[in-house]
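Observations on the three-dimensional arrangement
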Amino acid sequence: MTFSLLALDPETGAIGGIAATGSYCVGAWVLRGSLAAGMSASQGASPSTFWGEGVLTLMQEGSSASDAVSAITTPDTGRDWRQLSALDLHGQGGAFTGAQNTPEMGSRVFDGGVAAGNMLSGQAVLDAMVATFQSTKGAFDARLITALKAGEAAGSDSRGLFSAAMLVLHPDRPPLSLRIDYHEDDPISALVQLHNKATTGDYGEWAAQVPVMNDKERRLD
């Protein structure tokens, strides 16, 4: 019921994820991240938020994304109804897709990222997201948005979309956590509008002055 993309920006050290689904509240269910660990996307027919958080803990302790995914998914007797992707801080990805999820389903691990989805109209959704992200230039968060749009254009969730979300963590910028929990017409366009409001104007200027990973004592002047 969801398609997602996790990625690393090696030039800035930023990590991010973006997702959309034909259900509600995709941001709360799917995306997790930590600048000390990496990114995760836990989704599927019966998604486990514990998976998304657990895989981050293992990566922070030193496990690779693929080893962390295996360690989290293997002992869970409900794993066939779940899907998990993870990206570590080295840009290495890992993914698992349980067999009981609704086709089309699958994942694509590539250098610096991982895409995953289930209940898709076709595998082209995943291929389009990866190819678009890799070929698009510009700001990291804009590339994530462009990739999500490409996944929608290539077939999307087979039911259509109701929610979309983005999470970007940057060592020199405050967290960017944007969620469209429900939009009956076009949640991706609503996400784009929210992104613009959150990164420009008075709000964008204010956000540029709050504490960040590389300057935890930053303050308003």
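Our subject is the structure that appears above.
Now for a description of the structure that goes with this document. Since the model is a prediction, treat every value here as computed from it, not as a measurement.

Cut-offs used in this document
Residues numbered from 1 in each chain as written. Predicted model: local features only at pLDDT ≥ 70, side-chain atom pairs only at ≥ 80, totals over all residues. Heavy atoms only, no water. Helix = DSSP H or I, 4+ residues; strand = E, 2+ residues; numbered from the N terminus. Expected span 1.5 Å × (residues − 1). Buried < 20%, exposed > 50% of the residue type's maximum accessible area, 1.4 Å probe, protein only. Contact = heavy atoms within 4.5 Å. Pairing = 2+ DSSP bridges. Axes fitted to C-alpha atoms, helices over the stretch in contact; angles between N-to-C directions. Parallel < 35°, antiparallel > 145°, perpendicular 65-115°, else oblique. Left-handed = near helix turned anticlockwise from the far one by under 90°.

1. A short note on helix H4 (residues 124-135)
- Taking 1.5 Å per residue, twelve residues should reach 16 Å; H4 reaches 16 Å between its end C-alpha atoms and fits that length.
- Residues of H4 that are buried include every one of Val125, Leu126, Ala128, Met129, Val130, Thr132 and Phe133, and no others.

2. Some thoughts on the side chain of serine 156
- Along the chain, the position of serine 156 falls in the loop between helix H5 (140-153) and strand E9 (163-170).
- Among residues more than four places away in sequence, those in contact with serine 156 are Phe3, Leu120, Ser121, Val125, Gly151 and Leu161.

3. What about H5?
- When the terminal C-alpha atoms of H5 are compared, their 20 Å separation across 14 residues agrees well with the 20 Å that a helix rising 1.5 Å per residue should span.
- If you check which residues of H5 are buried, you get Phe140, Asp141, Arg143, Leu144, Ile145, Ala147, Leu148, Ala150 and Gly151.
- Buried positions along H5 lie against strand E1 (2-9), strand E2 (14-21), H4, E9, strand E10 (173-180) and helix H6 (187-199).
- Taken from the residues just after H5, glycine 155 is the one with a positive phi, measuring 145 degrees.

4. Points about the sheet that holds E2
- The sheet built from six strands is open, its strands ordered E7-E8-E1-E2-E9-E10 with antiparallel pairing. Edge positions in the sheet fall to strand E7 (106-110) and E10, since each has one partner strand and no second. Ignoring strand direction, the axes of neighbouring strands in this sheet form an average angle of 5 degrees.
- Examined bridge by bridge, E9 and E10 share six bridges and lie antiparallel to one another. Residue pairing across strands places leucine 167 opposite serine 177, the latter belonging to E10.
- H4 contacts E1, E7 and strand E8 (113-118) of the sheet and is inclined by roughly 20 degrees relative to E7.

5. Notes on the packing of H4 against H5
- Two elements in contact, H4 and H5, have axes whose closest approach is 8 Å; the angle formed by their N-to-C orientations is 150 degrees. Regarding the angle of H4 to H5, the classification is roughly antiparallel. As for how H4 packs across H5, the hand of that crossing is right-handed. Where H4 approaches H5, its residues Val125, Ala128, Met129, Thr132, Phe133 and Gln134 are matched on the opposing element by Phe140, Arg143, Leu144, Thr146, Ala147, Ala150 and Gly151.

6. Looking at unusual backbone geometry
- Here proline 103 and glutamate 104 are connected by a cis peptide whose omega angle stands at -10 degrees.
- Among the structural elements, glutamate 104 can be located in the loop between strand E6 (93-97) and E7.
- For methionine 119, which is not glycine, the phi torsion reads 55 degrees and is therefore positive.
- Mapped onto the elements, methionine 119 comes out in the loop between E8 and H4.
- With relative accessibility at 16%, the residue methionine 119 sits in the buried group.
- Positioned with a positive phi, serine 156 is a non-glycine residue whose angle comes to about 65 degrees.
- For serine 156, a relative accessible area of 6% puts it in the buried group.

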